[in-house]
Amino acid sequence: MLAGPRDRRAGAGAEHLTHARILTHIGTRRIALASSERGLRIDPDLPPASAALRLAGFDVDTPRWDDDGVDWTAYALVVVRSCWDYTWRLEEFLAWATSVPRLRNDVRVLRWNTDKVYLRDVERAGLPVVATVWNPTRAEDLPAAGEWVVKPSISAGSRDTARWADPADALAHAAQLMATGRTAMVQPYLVSVDAEGETAMLYIGGRFSHAVRKAPLLARGEGVRHDRDSRGDLSPADPTTAQRTLADAVFQAIGSFVPGAAPPLYARIDLVHDDDGRPVLLELELTEPSLFLPQAPEAVASFVRAVEAALPR
Ligand SMILES: Nc1ncnc2c1ncn2[C@@H]1O[C@H](COP(=O)(O)OP(=O)(O)O)[C@@H](O)[C@H]1O
Ligand SMILES: [Mg+2]
């Protein structure tokens, strides 16, 4: 029997092991898909991903990232999946990620990607992103729009995000975020989202895999959203050439944003259309994106191949 992930002894003194002993210490087919309390309850990708990896001969665990009893050194690879509570525990999460020896995505990618200020790098690279004003304090600072979206730069699942028609409400929401030490982002509410939602472009193992349409999430007059388990309607999408061209360009640029990092095992590139009908980047999700595997069952095989390819040789 291999030592279980909760066997603390398995990891004791791992830093002193020689390379050869490390290779025998880790199970070469032991994989962890790192989740969270909430992820374990509701992540729809975990069951198909685990089942497919097991069929491919992997020994798969789905531990919570914050479980102190897990020996992370015992895994050939730890894949960050549904660590959906990281946004309010970012330092703790990044410290954990730094401590895990074989992690995807690469901890350098996670450090860069867990704060949406990365959108500035993407914009500087000449790629179109949703127009964003950071930490506005006056009505003149707001982007020209009929409605605004206000969100914290460290967030996921629309947490603390809202759509406002009154500039005073948008500024008050931004002020509230800044008062708690957060970076406030204000964007025009892109009206195309009401009609067509957003298009999530999934890349697995370095290749485009599939696209999914996500229905709009922010209702007019709803106020600030807090964490909810609802994820909105999802349906398979057929991206346009323009969407594919932009998503490919964003994906190709990741290496220049995080030099030296291992190539991402997975990436989700969320696109919306601006008022001129051009695709623009809403979010580049390299940390714990839903991969929408139930919407694209064939993508599970790509995920297994990507895990195989990321194993240490
Ligand atoms: N500028 C925008 N225009 C229209 N809808 C937006 C805009 N920004 C965010 N949204 C809506 O809010 C949701 C959450 O925002 P997003 O930027 O994707 O952050 P996260 O998913 O990390 O919480 C999006 O899925 C989209 O429905
Ligand atoms: Mg999003």
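Residues numbered from 1 in each chain as written. Chains lettered and ligands numbered in written order. Predicted model: local features only at pLDDT ≥ 70, side-chain atom pairs only at ≥ 80, totals over all residues. Heavy atoms only, no water.

Peer 1: I keep staring at helix α4 (residues 46–55) and nothing clicks. Help me out?
Peer 2: In an α-helix there are 3.6 residues to a turn, and that puts residues three or four apart on one side. For α4, the complete set of buried residues consists of Leu46, Ala49, Ser50, Ala52 and Leu53. When α4 is viewed along its axis, its buried side chains cluster within an angular range of 165° and face the same direction. α4 presents Pro47 and Leu55 as exposed residues on the side facing more than 90 degrees away from its buried surface. Phi for glycine 57, located one or two positions after α4, is positive at around 95°. (Buried < 20%, exposed > 50% of the residue type's maximum accessible area, 1.4 Å probe, protein only. Helix = DSSP H or I, 4+ residues; strand = E, 2+ residues; numbered from the N terminus. Arc of directions from axis to C-beta.)

Peer 1: Mind showing me how you'd approach the nonpolar core here?
Peer 2: The nonpolar side chains of a soluble globular protein tend to be buried with one another. One finds Trp96 and Phe303 to be the most contacted residues of the largest nonpolar core, which totals 48 residues. Mapped onto this core, the elements with two or more residues apiece are β1 (27–34), α4, β3 (75–80), α5 (90–99), α6 (107–113), β9 (198–204) and α11 (299–310). With 27 residues, the next largest nonpolar core counts Trp112, Ala247, Phe257 and Val258 among its residues. (Core = buried A, V, L, I, M, F, W, Y, C linked by side-chain atoms within 4.5 Å.)

Peer 1: Even after reading the chapter, I still don't get the sheet that holds strand β6 (residues 148–152), so can you show me in this structure?
Peer 2: Sheet strands pair via backbone hydrogen bonds, and the direction of the pair is either parallel or antiparallel. Spatial strand order, β5-β8-β6-β7: 4 strands in an open sheet with antiparallel pairing. Every interior strand has two partners, whereas the edge strands, β5 (133–134) and β7 (162–164), have only one. Bridge count for β5 against strand β8 (residues 184–188) is 2 bridges, and the pairing is antiparallel. Residue pairing in the sheet places valine 133 in a bridge with valine 186 of β8. Along the sheet, helix α8 (residues 167–179) contacts β6, β7 and β8; its crossing angle with β6, the most-contacted strand, is approximately 5°. (Pairing = 2+ DSSP bridges. Contact = heavy atoms within 4.5 Å. Axes fitted to C-alpha atoms, helices over the stretch in contact; angles between N-to-C directions.)

Peer 1: Would you mind showing me how to read the site of ligand 1 here?
Peer 2: Around ligand 1 sit 18 residues in total, of which Lys116, Lys151, Ser158, Glu198 and Glu283 are the nearest. One of the side-chain N or O atoms of lysine 151 is found 2.6 Å from an oxygen atom in ligand 1. Between ligand 1 and the protein, one listed contact pairs a nitrogen atom with a backbone N or O atom of proline 188 at 2.9 Å. Contact with the protein chains covers 97% of the free accessible surface of ligand 1, which is 530 Å². Counting only elements with at least two residues in the shell around ligand 1, the list comes to β6, β8 and β13 (279–285). (Near = heavy atom within 4 Å. Polar contact = N/O pair within 3.5 Å; in protein donor to acceptor, adjacent residues only side chain to side chain. Areas by Shrake-Rupley, 256 points an atom, 1.4 Å probe, with all protein chains shown as cover.)

Peer 1: What exactly am I supposed to notice about the sheet that holds strand β12 (residues 266–273) here?
Peer 2: Spatially, β11-β10-β9-β12-β13 is the arrangement adopted by the 5 strands of the open sheet, whose pairing is antiparallel. At either end of the open sheet lies a strand with only one pairing partner, and these are β11 (234–237) and β13. Sheet twist, expressed as the mean angle between neighbouring strand axes with direction ignored, is 30°. Bridge count between strand β10 (residues 207–214) and β11: 4 bridges; the pairing is antiparallel.

Peer 1: Looking at this structure, I do not really get the pairing of β6. What am I missing?
Peer 2: Regular strands place their side chains on alternate faces of the sheet. Most of β6 is tucked away, with 5 of its 5 residues classed as buried. Two strands pair when backbone bridges link them, and β6 and β8 are joined in this way by 5 bridges, in the antiparallel orientation. Of the residues in β8, the one forming a bridge with tryptophan 148 is proline 188.

Peer 1: Before we go on, may I ask you to explain unusual backbone geometry in this structure?
Peer 2: Most peptide bonds are trans, and most residues other than glycine sit at a negative phi. Looking along the chain, the bond that leaves arginine 104 and enters asparagine 105 is cis, with omega of -5°. Notably, asparagine 135 is not glycine yet its phi reads approximately 50°, a positive angle. Note that asparagine 135 resides in the loop between β5 and β6. Here asparagine 135 falls in the partly exposed class, since its relative accessible area comes to 32%. One non-glycine residue, aspartate 160, adopts positive backbone phi at about 55°. Looking at the element boundaries, aspartate 160 is found in the loop between β6 and β7. The class for aspartate 160 is buried, based on a relative accessible area of 12%.

Peer 1: Quick question: what am I supposed to make of the environment of leucine 282 here?
Peer 2: Positionally, leucine 282 belongs in strand β13. Residue leucine 282 is classed as buried on the basis of its relative accessible area, which comes to 16%. In sequence terms leucine 282 and valine 130 are 152 residues apart; their C-alpha atoms lie 5.7 Å from each other. If we ignore the near neighbours within four places in the chain, the residues touching leucine 282 are Leu119, Val130, Lys151, Gln187, Glu198, Asp270, Leu271 and Val272.

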